[in-house]
Amino acid sequence: MAAREADAETAPEPGGKVTITEIARRAGVSVPTVSRVVNGRSDVSPKTRARVEDLLQRHGYRKRPAAPGTRAALLDLVFNDLDSPWAVEIIRGVEEVAHAAGVGTVVSAIHGRTGDAREWMRNLRARASDGVILVTSLLEPVLHDELRILGVPLVVVDPAGSPALDVPTIGAANWAGGMAATEHLLSLGHRRIGLIAGPPRLLCSRARFDGYRAALEGAGLALDDSLVAPGDFHPESGFAGCNTLLDLPEPPTAVFAASDQMALGAIEALRRRGLRVPEDMSVVGFDDLPEVRWSAPPLTTIRQPLAEMGKLAVRTVLRLARDEQPDSPRVELGTDLVVRASTAPPA
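Here the structure is a predicted model, which means the values were calculated and not measured. Every residue gets a number counted from 1 within its own chain, in the order that chain's sequence is written. A pLDDT threshold of at least 70 governs which residues receive local features in this predicted model, and a stricter bar of 80 or more applies before side-chain atom pairs are shown or counted, although totals over entire chains, interfaces and linings include all residues. The basis for every side-chain value is the complete set of non-hydrogen atoms in the structure, without hydrogens or water.

Peer 1: Can you break down the sheet that holds strand β2 (residues 104-109) residue by residue, with the values?
Peer 2: The parallel open sheet is built from six strands, whose spatial order is β2-β1-β3-β4-β5-β11. Edge positions in the open sheet fall to β2 and β11 (330-333), since each of these has one partner strand only. Here the average twist between neighbouring strands, direction ignored, is 20°. Pairing of strand β4 (residues 154-157) with strand β5 (residues 169-172) involves two bridges; the strand directions are parallel. Residue pairing in the sheet places V156 in a bridge with T169 of β5. Residues are treated as being in contact if the distance between any of their heavy atoms lies within 4.5 Å. What counts as an axis is a line fitted to C-alpha atoms, over the stretch in contact for a helix, and the angles between N-to-C directions run from 0 to 180 degrees. Numbered from the N terminus, helices here are DSSP runs of H or I no shorter than four residues, and strands are runs of E no shorter than two. Where helix α5 (residues 85-100) meets the sheet, it contacts β1 (74-79), β2, β3 (131-135) and β4, and its direction lies at approximately 170° from that of β1. If DSSP finds at least two bridges between two strands, the strands pair.

Peer 1: Summarise helix α2 (residues 20-27); cite the residues concerned and give the values.
Peer 2: Between buried and exposed lies partly exposed: a residue is buried under 20% and exposed over 50% of the maximum accessible area for its type, with that area taken using a 1.4 Å probe on protein chains only. By the burial criterion, the buried members of α2 are I20, I23, A24 and A27. Burial along α2 is one-sided: seen end-on, the buried residues are contained in an arc of 100°. For this quantity, the arc is that covered by the directions from the helix axis to the C-beta atoms.

Peer 1: Kindly report on the pairing of β2, identifying the contributing residues and their values.
Peer 2: Bridge analysis of β1 against β2 gives six bridges, and the strand direction is parallel. The residue bridging L75 from the neighbouring strand is T105, located in β2. The parallel pair β1 and β2, bridged by α5, forms a crossover whose chirality is right-handed. Orient the strands so they point away from the viewer; a crossover is then right-handed if the path from the first strand over the helix to the second runs clockwise.

Peer 1: Tell me what's going on with the packing of aromatic side chains, and back it up with residues and numbers.
Peer 2: Two rings belonging to Phe, Tyr or Trp (six-membered ring only in the last case) form a pair when the distance between their centres is within 6.5 Å. Interplanar angles under 30 degrees mark stacking, angles over 60 mark edge-to-face geometry, and anything in between is tilted. For the coordinates displayed, the defined rule picks out one aromatic pair. Note on F209 and Y212: the rings are 6.3 Å apart at their centroids and 40° apart in plane angle, and the pair reads as tilted. Residue F209 and its partner Y212 are both found in helix α9 (residues 203-218); the two are separated by three residues, about one turn of the helix. For Y212, a relative accessible area of 0% corresponds to the buried category. Seen from the ring of F286, R208 lies directly overhead, with NZ or CZ sitting 3.8 Å from the centre. A positively charged side chain is recorded as over a ring if its NZ (Lys) or CZ (Arg) lies within 6 Å of the ring centre. The angle to the ring normal must also be within 35 degrees.

Peer 1: Quick one: what's the story with helix α7 (residues 141-150), residue by residue and with numbers?
Peer 2: L143, H144 and L147 are the residues of α7 that are buried. All buried residues of α7 project into a common sector of 105° when viewed along the axis, lining one side. Along α7, exposed side chains directed more than 90 degrees from the buried face belong to P141 and I149. Elements in contact with the buried residues of α7: α6 (114-127), β3 and β4. In the segment just after α7, G151 is the residue with positive phi, at about 75°.

Peer 1: Residues and numbers for the pairing of β1, please.
Peer 2: Burial runs high along β1: six of the six residues are buried. By the alternation rule, side chains of β1 split into L74, D76 and V78 and L75, L77 and F79, which are all buried. Here β1 pairs with β3 via five bridges, running parallel. Counterpart to D76 in the pairing with β3 is V132.

Peer 1: Can you explain unusual backbone geometry? Please cite residues and give values.
Peer 2: Looking along the chain, the bond that leaves V277 and enters P278 is cis, with omega of 5°. Inspection of the secondary structure puts P278 in the loop between α11 (260-272) and β9 (282-287). Between A296 and the following residue, P297, the backbone shows a cis peptide bond with an omega angle of 0°. With phi around 50°, D158 is a residue other than glycine that occupies positive phi space. In this fold, D158 is placed in the loop between β4 and β5. Owing to a relative accessible area of 4%, D158 belongs among the buried residues under this scheme. One non-glycine residue, F233, adopts positive backbone phi at about 80°. For F233, the position within the fold is in the loop between β7 (228-229) and α10 (235-246).

Here it is, written out as structure tokens:
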């Protein structure tokens, strides 16, 4: 909040003026932290507050009067896209914790386009955000560097690639989830198990695929590339992927779709061919979105704690904003198999 709350220079002192950025550098904290001390906010540790206040006093800092209409604290929540119920669950968790902390939330989508990401960065500078939560998105290194220069903390949820080592990440146990989904089908007696995979550029997709492969290998089954259909987490790709698998000379008896939406698309493909779930083919999803318990039939899936991931992201970014370190820079929340009516032994 430096630009909003305390972007003025200090009053003159012998030898010239000192900027608030210089105060932050000498205190070894971020510019937003100095801003919080200046504005009397409580979200600064006593030790840090004392160090900053000492420097402010020694340099004769005089706070500029607050401008009319000064806004409250803000967090930026940034998605690649917002066209999925998956994103809604993340937003729900973020908003719950942010609201309780008196922090506003600005939600944006950058659509994987460089121009959109740069436009978002311009808007972020204008509104002087206190922190950024980035969800399954990649930012150019230059934009990451700009966040550091601005002193805006960053947390990544479900990283799309390999984030910088100093950026905390929060995800789900995707490998374990992929393995649990496949092992469930194996335990029912299925041996030809298809996979409708997610986008390979995403770490979560690759982890779910690896879990699927590990479960097959654990059962003494080799990976059959013909049983793996590409997908993008959307229903249309689940529909297309399931049709590809059904067109094989020997179709699978079960399908693991790496997202609930793709699983729903797969079920629709089966319905249009006059095939029943689970009598003719079992289907497992991944996410446990609210609507899948009402699908026909209710979907067996892997629950990943999307709202909890959003909640933890807010708590983490607010800790960073107070110049406190998170308990762990890499957090994986557990996934669970939820068995419903879309899986059964092969006919």
